Amino acid sequence: MITVLLVHDNTELIDATRSYLEKMGEVRVDAVQSTKQALEILKSRNYDVLVSYYHLPEVNGIEFFSDMNGVELLKYLKMRGHSLPFIMYTRTNGSLVLEDVNNATEVTFPRGIEPRTPVTEFREMILQAVMRKKSERDLAARCDMLTSILEATPLWVCQFHGQVMDWVNSTMTAALGYEEGILAGKSILSLFPTADECDHAIREMKIRVDQDGWGHSDSVMKAKSGSVIPVRLRMRKNRADTA
């Protein structure tokens, strides 16, 4: 079941939208009538999607949160680390406009269109937003798992493009005497005693390639202290770079 928090100042429209979405199944809608109520409910509940009307009711002075419109609510949530999908809708010259803020997708429905059409599109936009967010979470989890494995291995591992290191695992960083993260963004030339030694190692790994696509070279690297460390290098091109 997909959970949606709907923020709007028009009670009739809230009820109609909630009814249409929930009748289609897969979606449960909780509705509030101000950004202040939305922020309060988000303190204790998690939602898959937040939907807000662009213009929200104005109040006289004191209640800051209720003065926020949809864009301000989005900015406020992002500043506090909320990353849930955000869909905004408004009426412009009689037309209904739906916008998936995270995906920069906008759909406009002119005045007089059959009422079920925008709600059906609304539902589809919600489903797509939830699927994208799930894909992002799954990818992040896989990346975290891979990073954990690479950090735990006793092998030295780094990734570089051109001659610039994108990432170096903690085993390699510590063995060379550097602080965590300091090597990312630096040239691989800094790992070798001389530029000629670096060029020789790269050339050799391009020539001595095994059946699995790994290039090999026996070389030396330079620690932060200046000491030279004999190493047996292996290099393989990232599959994502072969397209």
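Residues numbered from 1 in each chain as written. Predicted model: local features only at pLDDT ≥ 70, side-chain atom pairs only at ≥ 80, totals over all residues. Heavy atoms only, no water.

Asks: Quick rundown of the overall build of the protein? Include the residues and the values.
Replies: From N to C terminus, the protein includes six helices and ten strands. When each of the 243 residues of the protein is scored for burial, the buried share is 35%. Contacts in the protein between residues at least 24 apart in sequence constitute 48% of all its contacts with a sequence separation of at least 6. Approximately 14700 Å² of the protein is accessible, and the part contributed by carbon and sulfur atoms is 53%. (Helix = DSSP H or I, 4+ residues; strand = E, 2+ residues; numbered from the N terminus. Buried < 20%, exposed > 50% of the residue type's maximum accessible area, 1.4 Å probe, protein only. Contact = heavy atoms within 4.5 Å. Areas by Shrake-Rupley, 256 points an atom, 1.4 Å probe, with all protein chains shown as cover.)

Asks: Could you give an account of the pairing of strand 10 (residues 228–235), with specific residues and numbers?
Replies: Alignment of strand 9 (residues 215–222) against strand 10, held across eight bridges, turns out to be antiparallel. Its bridge partner being in strand 10, Ser217 is matched across the sheet by Leu233. Between the end of strand 9 and the start of strand 10, which pair antiparallel, lie five residues, with Gly226 showing a positive phi angle near 100 degrees. (Pairing = 2+ DSSP bridges.)

Asks: Requested: an account of the pattern of salt bridges, with residues and values cited.
Replies: One pass over the structure, following the stated rule, counts seven salt bridges. The salt bridge partner of Lys134 is Asp138, with a shortest N-O separation of 2.9 Å. In this pair, Lys134 and Asp138 both sit in helix 4 (residues 116–152), four residues apart, roughly one turn of the helix. The exposure class of Lys134 is partly exposed, given its relative accessible area of 47%. (Salt bridge = Lys/Arg side-chain N within 4 Å of Asp/Glu carboxyl O.)

Asks: Please provide a residue-by-residue account of helix 2 (residues 35–42), values included.
Replies: For helix 2, the complete set of buried residues consists of Thr35, Ala38, Leu39, Ile41 and Leu42. On an axial view of helix 2, the arc spanned by its buried residues comes to 165 degrees, and they lie on one face. (Arc of directions from axis to C-beta.)

Asks: Tell me what's going on with the side chain of Thr171, and back it up with residues and numbers.
Replies: Summarising the element assignment, Thr171 is placed in helix 5 (residues 170–175). Engagement of the side chain of Thr171 in a polar contact is seen with the backbone oxygen of Thr153, the distance being 2.8 Å. The residues touching Thr171, leaving out its near neighbours within four places in the chain, are Glu151, Thr153, Pro154, Leu155 and Trp156. (Polar contact = N/O pair within 3.5 Å; in protein donor to acceptor, adjacent residues only side chain to side chain.)

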